[in-house]
Amino acid sequence: MAGCDVCFALVGSVPHNSRALRQLRALAAMGLKVEVFAIAPPAALPRDLTATVRYHPLPPPASRGPRFFGQVDRRLRAAIRTCQARVYHASDLYVLPALAATARRHGGRLVFDARERYPYVAGTVGRPLQQYFWKLLERRYIRQADLVLTVSEGIAAHLVRDYSIAPPLVLYNAPETPPKFNPEASLRLRLRLPDEGVLFLYQGHLRPGRGCLMPLEALPHVPEAILVYLGDGPLAPVIRERAAALGITDRVHLLPPVLPDELLTVTASADVGLALLEDTCLNHRLALPNKLFEYLAAGVPVLVSDLPELRRVVETYQVGYIVDLRNPAALAAAMRRLASDACLRQRLAANTGAAFTAHSWSQLAPRFQEAYRNLLCDG
């Protein structure tokens, strides 16, 4: 394989990964040639990346946990063995060992994007051996990285405490610019929703631990509210069944996910955005999920769970309500307040611009690019 500037790898589809797309566009803007290896089904890159980025999807294993990692590691090592790059960018822990080994072989620099607190994700709860495995793996390889990135100050501090590394560069999972108005993307228009209904939007994976079911249970107590899910996952059939059992199918709508480049114009048609991560693991506690900043970019006030990083953003900028998910009545009350008070929603929405600007990719991309320039100059 011919030489390149950056060998970039991850588990998951790049066209569906907003964080990867932002970073690849920033690298392309620097004139860098990038080879991307993704453990994902085949898919087409956005056209603006095809001039400088070559995409190599690799078939995903069917296994899970450490066995999944082992199969990913073997496939990726074989695929990138001859990829001679100046920088090897591991976009998650699963691909970090393979990129670290290849970086050593070819004398390249190593970047690790610690997008999660991997030993402490929901899947390791109650599984101490799995947690120990991921922590040993992360400890071994994170110290080999020349640059560590992450998504929140909380995760950055935790990584420093656990591994005595230099403070990571925090890159929030925030879009670059607010969306352009597009009335044809309106959820109200698409779903033929009544004008008087207040649209609560949940966008993202429909999985346990992400607060998908809680607003559904509260909906019978919030007659003005309409609940729209924009995403897919194992809880989709559960949501449909529960909505039927509660007699609220006319106010619950499930729609498939939207590509990152098209999402914000859809998001902008919501009245309230939901980011209700449950406090089931340390990773959730320290998370700043994409959806929070997508709502803010689209000018949509938010209703979030009472977790430290979410609380910091919402309280600092006064962009929404914070609720203790252990109290279902409190969630229903917060939804009723937001649904019944249009002036309150407008006041909160007016603050979203400042909150978004402070965290936007347009503010952070230059820091990311400068960190890369330093790596390339030192290499």
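A short tour of the structure in this document, coming up. Just so it is clear, the structure is predicted and the values come from calculations on it, not from any experiment.

### A word on a positive patch on the surface
Part 1 of the argument: A contiguous patch of positive charge, built from Arg81, Arg104, Arg105 and Arg140, is present on the exposed surface.
Part 2 of the argument: Checked against the element boundaries, Arg104 lands in helix H3 (residues 96–106).
Part 3 of the argument: Judged by relative accessible area, Arg104 falls into the exposed class, the value being 52%.

### What about the sheet that holds strand S5 (residues 109–114)?
Part 1 of the argument: Within the open sheet, the seven strands sit side by side as S3-S2-S1-S4-S5-S6-S7. Their pairing is parallel. This sheet does not close on itself; its edge strands, each paired only once, are strand S3 (53–58) and strand S7 (169–170).
Part 2 of the argument: Its contacts with the sheet place helix H16 (residues 361–378) against strand S1 (4–11), strand S4 (85–90), S5, strand S6 (147–150) and S7, and it is angled at close to 135° to S4.

### Overview of the state of the cysteines
Among covalent bonds in proteins, the disulfide is the one between the sulfur atoms of two cysteines.
Part 1 of the argument: For the coordinates displayed, the defined rule picks out zero disulfides.
Part 2 of the argument: Cys83 provides the cysteine sulfur closest to Cys4, a residue in no disulfide bond, and the two sulfurs are 3.8 Å apart.
Part 3 of the argument: For Cys4, a relative accessible area of 7% translates into the label buried.
Part 4 of the argument: With no disulfide partner, Cys281 has as its closest neighbouring cysteine sulfur the one in Cys212, 14 Å distant.

### Remarks on unusual backbone geometry
Part 1 of the argument: The phi angle at Ser164 is positive, at roughly 55°, despite the residue not being glycine.
Part 2 of the argument: Along the chain, the position of Ser164 falls in the loop between helix H5 (153–163) and S7.
Part 3 of the argument: Residue Ser164 is classed as exposed on the basis of its relative accessible area of 66%.
Part 4 of the argument: Residues other than glycine seldom take positive phi values, yet Gln318 does so here, at roughly 55°.
Part 5 of the argument: On the secondary structure map, Gln318 appears in the loop between helix H12 (308–317) and strand S13 (320–323).

### Topic: the packing of helix H1 (residues 18–29) against H16
Part 1 of the argument: The geometry of H1 relative to H16 is characterised by a closest axis approach of 10 Å and an angle of 60° between their N-to-C directions. When the axis of H1 is compared with that of H16, the two are oblique. Of the two elements, H1 crosses H16, and the hand of that crossing is right-handed. Contacts from Arg22, Gln23, Ala26, Leu27 and Ala29 of H1 reach H16 at Trp361, Phe368, Gln369 and Tyr372.
Part 2 of the argument: Split into classes, the residues belonging to the contact of H1 with H16 amount to six nonpolar, two polar and one charged.

### Structural notes on the sheet that holds strand S12 (residues 302–305)
Part 1 of the argument: Spatially, the six strands line up as an open sheet ordered S10-S9-S8-S11-S12-S13, and their pairing is parallel. Lying at the two open borders of the sheet, with one neighbouring strand each, are strand S10 (252–255) and S13. With direction set aside, neighbouring strand axes in the sheet form an average angle of 20°.
Part 2 of the argument: Inspection of the sheet shows strand S9 (residues 225–230) paired to S10 by four bridges, in the parallel sense. By the bridge assignment, Val228 is partnered in S10 with His253.
Part 3 of the argument: Docked against the sheet, helix H11 (residues 290–297) engages strand S8 (198–203), strand S11 (272–275) and S12, running at close to 140° with respect to S8.
Part 4 of the argument: Packing against the sheet, H12 makes contact with S11, S12 and S13, and its axis sits at approximately 145° to S13.

Definitions and cut-offs
- Residues numbered from 1 in each chain as written.
- Predicted model: local features only at pLDDT ≥ 70, side-chain atom pairs only at ≥ 80, totals over all residues.
- Heavy atoms only, no water.
- Patch = residues over 30% accessible without salt bridge, like charges linked within 9 Å, V, L, I, M, F, W, Y side chains within 5 Å.
- Areas by Shrake-Rupley, 256 points an atom, 1.4 Å probe, with all protein chains shown as cover.
- Salt bridge = Lys/Arg side-chain N within 4 Å of Asp/Glu carboxyl O.
- Lys, Arg positive; Asp, Glu negative; His and termini not counted.
- Charge placed at Lys NZ, Arg CZ, Asp CG, Glu CD.
- Helix = DSSP H or I, 4+ residues; strand = E, 2+ residues; numbered from the N terminus.
- Buried < 20%, exposed > 50% of the residue type's maximum accessible area, 1.4 Å probe, protein only.
- Pairing = 2+ DSSP bridges.
- Contact = heavy atoms within 4.5 Å.
- Axes fitted to C-alpha atoms, helices over the stretch in contact; angles between N-to-C directions.
- Disulfide = S-S within 2.5 Å.
- Parallel < 35°, antiparallel > 145°, perpendicular 65-115°, else oblique.
- Left-handed = near helix turned anticlockwise from the far one by under 90°.
- Nonpolar A, V, L, I, M, F, W, Y, C, P; charged D, E, K, R; others polar.

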